Amino acid sequence: MTVRTRFAPSPTGYLHIGGARTALFCWLYARRHGGTFVLRIEDTDRERSTEASVQVILDAMEWLQMQPDEEPVYQTDRFDRYGEIIEQLLAQDKAYPCYCSRERLDQLREQQQAAGIKPRYDGHCRGGSRPVDGVTPVIRFASPLSGEVLVEDLVHGRTVFTNDELDDLIIRRSDGHPTYNFTVVVDDIDMEITHVIRGDDHLNNTPRQINIYHALGATPPQFAHLPMILGSDGSRLSKRHGAVNVLEYRDQGFLADALLNYLVRLGWSHGDQEVFSRKEMVALFDLADVNKAASRFNDEKLTWLNQQYIKHGDPDELGAQLVPFLQALGFDSASGPDPADIVRVQHDRVATLAEMAEASRFIYESFDEFDPKAAKKHLRPVIREALADVRARLADLADWTADEINAAIHASAESLELKMGKVAQPIRVAVTGGPVSPSIDGTVYLVGRETAVARLDRALAFIDARSAAER
RNA sequence: GCUCCCUUCGUCUAGCGGUUAGGACAUCGCCCUCUCAAGGCGGGAACACGGGUUCGAGUCCCGUAGGGAGCGCCA
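The text that follows walks through the structure, step by step, so that each part is easy to find. This one's a predicted model, so the numbers in the text were calculated from it and none came from an experiment. (Residues numbered from 1 in each chain as written. Chains lettered and ligands numbered in written order. Predicted model: local features only at pLDDT ≥ 70, side-chain atom pairs only at ≥ 80, totals over all residues. Heavy atoms only, no water.)

### Remarks on the sheet that holds strand E4 (residues 95–98)
This is how the line gets drawn: Here, any two strands with at least 2 DSSP bridges between them count as paired. Only DSSP runs of H or I covering at least 4 residues are called helices, and only runs of E covering at least 2 are called strands; the numbering of each starts at the N terminus. Angular values range over 0 to 180 degrees, each being the angle between N-to-C directions of two axes fitted as lines to C-alpha atoms, with helices fitted over their stretch in contact.
The strand order across the open sheet formed by three strands is E4-E5-E8, and the pairing between neighbours is antiparallel. With partners counted over all chains shown, the strands left at the sheet margins are E4 and strand E8 (170–172), one partner each. Within this sheet the neighbouring strands show an average axis-to-axis angle of 45°, counted without direction. Note: E4 against strand E5 (residues 138–141), four bridges, orientation antiparallel. Along E5, the bridge assignment pairs Ala95 with Phe141.

Next comes the structure, spelled out in structure tokens:
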């Protein structure tokens, strides 16, 4: 039996972090076992489902590079099929029409809650009921009245539910649309899903679904219920915890691989290993190593991982990904150095691509004035000779490479018997306007010869004006 | 309220009856150093509680507490 897993989001918004983790585990499990991963769009709630969010989910899956192996299945395309199965259940007396009004149901629920018992349908119409004029009945599944259901879960082990806890759930609304607990079962049977991997908020639905499998004469698939991902404060993940939308992470400069690496470690582990390439994840992932307890989302660790991926990633690939972030700040990346070179210089001093772009501002933009504090400290007459010497050497440099620049600055410092610390910081202030930038050779290199020389001249003029004023 | 699930450092986790309870993020200190970082070294920090079972429990069982989920003509 070849493994088939599915990820089944409902298109009522964006793909959130929890959904992405579920998708990842489904995808990994299928990959690991040479199986198939498919996507099912659960859009039966026509009130809330939109095509726009279908697209957003697809975009997120693509960004994460977890594309399904087959065309996505849309539940709205399958209404005829659901209708067919409902008719079949009706004919077999495994389902029945219910004319109970919402008012009666609400009242019933209130009474039960007041009595301290679990609210559930009382089976009023189960034995057959008189049609009510002008009312289209809902269809309810005739759930077993006694006995119990065993859920053999791949992560939780065995859980027992007694059927008297379960009521006759609605499988078709009065508007003719089928409902979730019914459609999942029909779809998972028709799609030949072998492993249902989903959040453990569905664990309580599982016995109902198993009963439907049995009513349909089908063998239930294997189940694996994943622990939830909570917000940093331990409550359910929501907007107030910051970004929960996967695409927001992309826009903030996180790498897809880093996000996946972070997510895979939420609820799964392989000994002490923290960093996993996609290949490693696929090779090592196993549901047996999935944890049962919920975890909290921790931005700091994600950030650290992202930094690792930036630091060790391929400069050309990262450079290509950096371009949109440069453009977002209004920088014309074509007018500057090779983005891959920016990555090489910046990669171990930033955690996100957005930060890298921001930290590269000095390459593309001039500055109005030198940072006053930095200029006061570093652009002083005593350093004028050194800056002039560096300027001359840079202007004459045969090859404009970081190594050559480094050699030139060192040579200059040595000839004037200055320590690097004495000369590097003034150059930094001269070239960037401020006291913070990458290593001095990389900084000068990225700015380019023309700009570097011009800015050194500007600094020399600044020093001259300053000594004139002090005289 | 009822049902189900869960419980190791602040956080993510390793542990699958005998461990000085390990790693990672974060944090603190030191080193390195042209700024900022990165890096190196080191420190502090956990088995929720109470009963059992056992020669021996973080590991098994039962309670308690706490957290989560479900109880819709949402998915």
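### Brief notes about helix H1 (residues 17–32)
Selection rule: Given the number of residues in a helix, its expected span is that number minus one, multiplied by 1.5 Å.
The end-to-end C-alpha distance of H1 is 22 Å, a good match for the 22 Å that 16 residues give at a rise of 1.5 Å each. Two residues or fewer past H1, Gly34 is found with a positive phi of approximately 65°.

### Points about the side chain of Thr352
Which entries qualify depends on this criterion: Under the scheme applied here, a residue whose accessible area is under 20% of the maximum for its type counts as buried, over 50% as exposed, and between as partly exposed, the area being computed with a 1.4 Å probe on protein chains only. In what follows, residue pairs with any heavy atoms lying within 4.5 Å of each other are defined as contacts.
Tracing the backbone through its elements, the reader meets Thr352 in the loop between helix H12 (339–346) and helix H13 (353–359). In this structure Thr352 comes out as buried when scored by relative accessible area, which is 7%. Each residue touching Thr352, except ones within four places of it in the same chain, is listed here: Gln252, Gly253, Phe254, Asn306 and Ile310.

### Concerning a positive patch on the surface
As a reminder of what qualifies: Exposure above 30% relative accessible area and the lack of any salt bridge qualify a residue for a patch; like charges then connect within 9 Å, and the nonpolar side chains Val, Leu, Ile, Met, Phe, Trp and Tyr within 5 Å. Per-residue accessibility takes into account occlusion by the displayed protein chains alone, with areas from the Shrake-Rupley method and a 1.4 Å probe. Between Lys or Arg on one side and Asp or Glu on the other, a salt bridge is scored when a side-chain nitrogen of the former is within 4 Å of a carboxyl oxygen of the latter. Think of it this way: Lys and Arg go in the positive column, Asp and Glu in the negative one, and His and the chain ends go nowhere. By convention, the point assigned to a charge is CZ for Arg, NZ for Lys, CD for Glu and CG for Asp.
On the surface, Lys373, Lys377, Arg380, Lys419 and Lys422 cluster together into a patch of positive charge. Mapped onto the elements, Lys377 comes out in helix H15 (residues 372–378).

### Looking at the nonpolar core
Definition in use: Residue types Ala, Val, Leu, Ile, Met, Phe, Trp, Tyr and Cys, when buried and joined through side-chain atoms within 4.5 Å, form a set referred to as a nonpolar core.
Within the largest apolar cluster, 102 residues are counted, with the highest numbers of intra-cluster contacts made by Leu24, Leu64, Leu263 and Phe297. A total of 10 residues in this core trace back to one element, the largest contributor, which is H1. Ignoring anything within four residues of it in the chain, the contact list for Leu24 reads Met66, Leu260, Leu263, Val264 and Met281. Among the nonpolar cores identified, the runner-up in size contains 27 residues, and Tyr82, Leu89, Ala95 and Leu203 belong to it.

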